[in-house]
Amino acid sequence: MNDNDVSKQIQQMVRFIRQEAEEKASEISVSAEEEFNIEKLQLVEAEKKKIRQEYERKEKQVEVRKKIEYSMQLNASRIKVLQAQDDLVNKMKEDAMKELLRVSDNHHEYKNLLKELIVQGLLRLREPAVLLRCRKEDHHHVESVLHSAKHEYASKADVHQPEIHVDHDVYLPPAPSHHDAHGQFCSGGVVLASRDGKIVYESTLDARLEVVFRKKLPEIRKLLFGQSAA
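Residues numbered from 1 in each chain as written. Predicted model: local features only at pLDDT ≥ 70, side-chain atom pairs only at ≥ 80, totals over all residues. Heavy atoms only, no water.

**Quick notes on the overall build of the protein chain**
As a reminder of what qualifies: Where helices and strands are cited, they refer to DSSP runs of H or I of at least four residues and of E of at least two residues respectively, numbered from the N terminus. Using C-alpha atoms as the atom set, the radius of gyration is obtained and then compared with a globule rule of 2.2 Å times the number of residues to the power 0.38. By definition in these notes, contact holds between two residues if any of their heavy atoms fall within 4.5 Å.
The helix and strand inventory of the protein chain stands at four helices and four strands. In the protein chain, the succession of α and β elements from N to C terminus is α-α-β-α-β-β-β-α. Its C-alpha atoms give the protein chain a radius of gyration of 49 Å, clearly above 17 Å, the size a compact globule of 230 residues would have. Oriented by its inertia axes, the alpha-carbon framework of the protein chain measures out at about 165 × 35 × 35 Å. Long-range pairs, those at least 24 residues apart, make up 70% of the contacts in the protein chain with a sequence separation of at least 6.

What follows is the structure, encoded as structure tokens:
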């Protein structure tokens, strides 16, 4: 084999090696691009997933805030409704208390009422001797009905007439006035107690109103505001 043939073989080998190298490089390039695209797609999907998760998290936070805000507004509205209802009920009670002040204006009816209150108190206490307190302005009314009250009680209870001591030293507070609207007051009536002070029966108009109002409050609320939801 001459030099020319050797040179040709070498050139053929070089071309073959170069072709294989180029093909291998092409395969590597294609494979690398495929891996790059796959990795890029994975990264994009991962970022999309993060974004969706973040959006869902923020959306849930918004929903929670909306529910909290709605609940707060609903509670505030309920409190306002309850407050308005309480204000109306209290206004009714205040109006009733104002009406009590007119009871003593009619002296004849008021004296009869005092007698009935004294008799009821005696029937409750069932004591042979009692202490009676009244307003200073009612003192003469009480004295005028005392005898008939004792007689009526004795007849109803089938006992001897009790001894009633009217307290001339300590009186019940007077009717409320504009000058002392927040002080102690009494719209009328009496307070009876056993002589030892252990048993007290309060039969003032204000106490009677308080008892009746407290007892009738559910009925009053139902009439004013309807049946409450269970």
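**Considerations on helix α4 (residues 205-225)**
Counting along an α-helix, one turn takes 3.6 residues, and residues three or four places apart therefore face a common direction. The condition is simple: Consider a residue and the seven residues that end there alongside the seven that start there; fitting an axis to each set, the bend is the angle between those axes. Here the term buried applies to any residue with accessible area under 20% of the maximum for its type, exposed to any over 50%, and partly exposed to those in between, with areas from a 1.4 Å probe on protein chains only.
Largest kink in α4: about 55 degrees, centred on Leu 217, with the proline Pro 218 one to four residues after it. Three or more residues of α4 are buried, namely Leu 205, Asp 206, Ala 207, Leu 209, Phe 213 and Ile 220. Those residues of α4 that are buried lie in contact with α1 (3-103), α2 (107-125), β3 (189-194) and β4 (200-204). Gly 226 sits one or two positions beyond α4 and adopts a positive phi of about 85 degrees.

**Details of the sheet that holds β3**
Note: strands within a sheet are paired through backbone hydrogen bonds, in either parallel or antiparallel orientation. Heads up, the rule is: Note on pairing: two strands pair once DSSP finds at least 2 bridges between them. For helices, the axis comes from a line fit to the C-alpha atoms of the stretch in contact; other axes are also lines fit to C-alpha atoms, and the angle between any two N-to-C directions lies between 0 and 180 degrees.
Strands sit in the order β2-β1-β3-β4 across an open sheet of four strands; the sheet is mixed. Single-partner strands in this sheet number two, and they are β2 (163-166) and β4. Sheet twist, expressed as the average angle between the axes of neighbouring strands with direction ignored, equals 20 degrees. Against the sheet, α4 engages β3 and β4, with an angle of about 90 degrees to β4.

**Digging into the pairing of β4**
In terms of strand pairing, β3 meets β4 through five bridges, oriented antiparallel. Residue pairing in the sheet places Leu 192 in a bridge with Tyr 201 of β4.

**Focus: the pattern of salt bridges**
Let me state the cut-off plainly: Basic side-chain nitrogens of Lys or Arg form a salt bridge, by our definition, when they fall within 4 Å of a carboxyl oxygen of Asp or Glu.
In the structure shown here, the tally under the stated rule is 16 salt bridges. Linking Glu 45 and Lys 48 is a salt bridge whose minimum nitrogen-to-oxygen distance equals 3.9 Å. Residue Glu 45 and its partner Lys 48 are both found in helix α1; the two are separated by three residues, about one turn of the helix. Among the ionic contacts, a cluster of salt bridges with common partners joins Glu 54, Arg 57 and Lys 58.

**Remarks on helix α3 (residues 139-157)**
The following threshold applies: Here a helix's expected span is defined as the number of its residues, less one, multiplied by 1.5 Å.
Under the 1.5 Å per step criterion, the end-to-end length of α3 is 25 Å for 19 residues, consistent within 8% with the ideal 27 Å. The principal kink in α3, of about 45 degrees, is found at Leu 146. Taken as a whole, α3 has its buried residues at His 139, His 141, Val 142, Val 145, Leu 146, Ala 149, Lys 150, Glu 152, Tyr 153, Ala 154 and Ala 157. Elements in contact with the buried residues of α3: α2, β1 (129-134), β2 and β3. The positive-phi residue at the C-terminal boundary of α3 is Asp 158, with phi of around 55 degrees.

**Focus on the side chain of Asp 138**
If you trace the backbone, Asp 138 turns up in the loop between β1 and α3. Exposure remark for Asp 138: the relative accessible area of 2% places this residue in the buried category. Look past the residues within four positions of Asp 138 in its chain and what remains in contact with it is Tyr 110, Gly 188 and Gly 189.

**Re the nonpolar core**
A general trend in soluble globular proteins is that nonpolar side chains are found buried together. Put simply, the rule reads: In plain words, nonpolar cores are sets of buried Ala, Val, Leu, Ile, Met, Phe, Trp, Tyr and Cys residues tied together by side-chain atoms within 4.5 Å.
Counting residues in hydrophobic clusters, the biggest one holds 24 residues, and the most contacted among them are Ile 118, Leu 122, Leu 132, Val 142, Leu 146, Ile 164 and Val 190. Of all the secondary structure elements, the ones that give two or more residues to this core are α2, β1, α3, β2, β3 and α4. With seven residues, α2 is the largest single contributor of residues to this core.

**What about a nonpolar patch on the surface?**
We count it as follows: Note on patches: the residues involved have over 30% relative accessible area and no salt bridge, like charges join within 9 Å, and the nonpolar side chains Val, Leu, Ile, Met, Phe, Trp and Tyr join within 5 Å. Throughout, the Shrake-Rupley method with a 1.4 Å probe supplies accessible areas, and for residues the shown protein chains are the sole cover considered.
Together, Val 6, Ile 10 and Val 14 line one region of the surface with nonpolar side chains, adding up to about 220 Å² of accessible area. Looking at the secondary structure, you find Val 14 in helix α1. Residue Val 14 is classed as partly exposed on the basis of its relative accessible area of 39%.

**Observations regarding the side chain of Asp 206**
The condition that has to hold: Under the convention used here, Asp and Glu are negative, Lys and Arg are positive, and both His and the chain ends fall outside the count. Two N or O atoms count as a polar contact when they lie within 3.5 Å, although within protein this holds only if one can serve as hydrogen donor and the other as acceptor, and sequence-adjacent residues are included solely when both atoms are side-chain atoms.
Positionally, Asp 206 belongs in helix α4. Among buried charged residues, Asp 206 stands out as having no salt bridge; its nearest opposite-charge side chain is Arg 135, 7.1 Å away. In terms of polar contacts, Asp 206 uses its side chain to reach the backbone amide nitrogen of Ser 187, at 2.7 Å. Discounting chain neighbours no more than four positions away, the residues touching Asp 206 are Met 97, Leu 100, Phe 185, Cys 186, Ser 187 and Gly 188.

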